[in-house]
Amino acid sequence: MKSFINRFAFTILIFFSAGLALAFPQYFLKIGDFELKGLIVPLIQVIMFGMGTTMSLNDFALVLKSPKAVFVGVVFHFIIMPIIGFSLARAFGFAGEIGAGVILIGCSPSGLASNVMAFIAKANVALSVTVTSISTLLAPFLTPVLMKYLAGNFIEIDLVAMIIDVAKMVFLPIVLGLIVNKLFRNYKEIIDNILPKLSMAGIVVIICVITAAGRKSIIEIGGLLFISTLIHNLLGYFLGYQSAKLFKLPEQDCRTIAFEVGMQNGGLASGIAAKMGKIATVGLAAALFGPVMNISGSVLATYWSKKKITF
């Protein structure tokens, strides 16, 4: 029981906090005259900065050593998840902005959680870090372009504005994080101890704000959106794994790519929704995806960790 609580402590905290926001939304919308949704983009930048401090130029060396594995991980991430998102939005008949949110989470890059799952599953952690890093750096261009062509019929997309907004949320904080990592490497242990906690706190705040703002929509279509999110996530694992198998990659790499395809950066998707001024609708799928993928990813990683790797 203790092991279960430790493993899912963060996810349990998210569900508990989201439950409070759903029950008492008035406390998660404003403090005085300040609207709490104004915190979302700065918090995403803090999270991206934290990601930057964990990265180095060595993370990209794997592109030269194992180009096929990196290619499969990055390319299929941006093919499989956007197509599934679009298909689910159509199949479930979600209204414009809700459907756009389902597509948005599919068009987002992979998240840091995939690196943790790759480690637990005894997969290729170096490959996981590389694919996450590259997909994140490609997101300022690919995410808006994919949204324009897949979600353009659901909601109006300003392509140039979205590219600029995502670049501000990704490039600047990550570059600053890389610089800090380079200049203050002697304090890496302190940085690694503080920033993950700040990132987790930021994610909790973001989900609470989105839940409170989107309470009406959650009550109306929350069940269907949850099912859609779960299908999206699980299909990502399955198709990511099978894509790697198709290219005859080693078992460790197949497991890694399953996580890299199936796990999304929900925080960044939330930030994009906030910049669009539609956090209560477009942001809902992102708020649900995080807890769902953390639970499913932990279960899959634990299963793989006990299963012998065959080549």
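In what follows, the structure referred to is the one given above.
What counts, and at which threshold
Residues numbered from 1 in each chain as written. Predicted model: local features only at pLDDT ≥ 70, side-chain atom pairs only at ≥ 80, totals over all residues. Heavy atoms only, no water. Helix = DSSP H or I, 4+ residues; strand = E, 2+ residues; numbered from the N terminus. Rg over C-alpha atoms; globule rule 2.2 N^0.38 Å. Buried < 20%, exposed > 50% of the residue type's maximum accessible area, 1.4 Å probe, protein only. Contact = heavy atoms within 4.5 Å. Areas by Shrake-Rupley, 256 points an atom, 1.4 Å probe, with all protein chains shown as cover. Core = buried A, V, L, I, M, F, W, Y, C linked by side-chain atoms within 4.5 Å. Polar contact = N/O pair within 3.5 Å; in protein donor to acceptor, adjacent residues only side chain to side chain. Salt bridge = Lys/Arg side-chain N within 4 Å of Asp/Glu carboxyl O. Axes fitted to C-alpha atoms, helices over the stretch in contact; angles between N-to-C directions. Parallel < 35°, antiparallel > 145°, perpendicular 65-115°, else oblique. Nonpolar A, V, L, I, M, F, W, Y, C, P; charged D, E, K, R; others polar.

*Asks:* Describe the overall build of the chain, listing the residues and the values that go with them.
*Replies:* Counting secondary structure elements, the chain contains 13 helices and two strands. Taking 311 residues into account, the globule formula puts the C-alpha radius of gyration at 19 Å, and the chain, at 18 Å, falls close to it. Projected onto its principal axes, the C-alpha positions of the chain cover 55 × 50 × 45 Å. Relative to its full complement of 311 residues, the chain shows a buried share of 51%. Intrachain contacts of the chain at a sequence separation of at least 6 include 85% that bridge at least 24 residues. Here the chain displays about 14500 Å² of accessible surface, and carbon together with sulfur accounts for 69% of that area.

*Asks:* An account of unusual backbone geometry is needed here, citing residue identities and associated values.
*Replies:* A positive phi angle, near 60 degrees, is found at K122, a position not held by glycine. Look at K248: it is not a glycine, yet its phi comes out positive at around 60 degrees. Within the element layout of this structure, K248 appears in the loop between α10 (215-246) and α11 (251-262).

*Asks:* Go over the nonpolar core with me, naming the residues and quoting the values.
*Replies:* I44, M147, F259 and L268 are the most contacted members of the largest nonpolar core, which totals 74 residues. The element contributing the most residues to this core is helix α4 (residues 67-91), with 11 residues. If we ignore the near neighbours within four places in the chain, the residues touching L268 are I44, P109, A139, V166, M169 and V170. If you look at the next biggest cluster of nonpolar residues, it comprises eight residues, including I14, A18, C208 and A212.

*Asks:* Describe the side chain of S305, listing the residues and the values that go with them.
*Replies:* You can see S305 is positioned in helix α13 (residues 284-305). S305 sits in the buried class, given a relative accessible area of 19%. Among the polar contacts made by the side chain of S305, one reaches the main-chain carbonyl oxygen of T302 at a distance of 2.6 Å. Look past the residues within four positions of S305 in its chain and what remains in contact with it is I120, A121 and K122.

*Asks:* I'd like a rundown of the pattern of salt bridges, residues and numbers included.
*Replies:* The tally for this structure, following the rule as stated, stands at four salt bridges. With a shortest N-O distance of 3.1 Å, K278 and E97 are connected by a salt bridge. In this pair, K278 is assigned in the loop between α12 (266-275) and α13 and E97 in helix α5 (residues 96-107), connecting sequence segments 181 residues apart. Here K278 falls in the partly exposed class, since its relative accessible area comes to 25%. Look at the salt bridges and you will find they share partners, linking K245, E251 and R255 into a network.

*Asks:* Tell me about the environment of S217, residues and numbers included.
*Replies:* Its location among the elements puts S217 in helix α10. Each C-alpha atom of the pair S217 and G85 lies 19 Å from the other, and the pair is 132 residues apart in sequence. Apart from the residues within four sequence positions on either side, S217 is in contact with I98, G222, A280, T281 and L284.

*Asks:* Please set out the packing of helix α6 (residues 113-120) against helix α7 (residues 125-150) residue by residue, giving values where relevant.
*Replies:* Interhelical geometry of α6 versus α7 gives an angle of 170 degrees and a closest axis separation of 9 Å. On the basis of the axis angle, α6 is roughly antiparallel to α7. Touching S114, N115, A118 and F119 of α6 are V125, S128, V129 and T132, all from α7. Counted by class, the contact of α6 with α7 contains four nonpolar, four polar and no charged residues.

Honestly, it's all geometry; don't read function into it.
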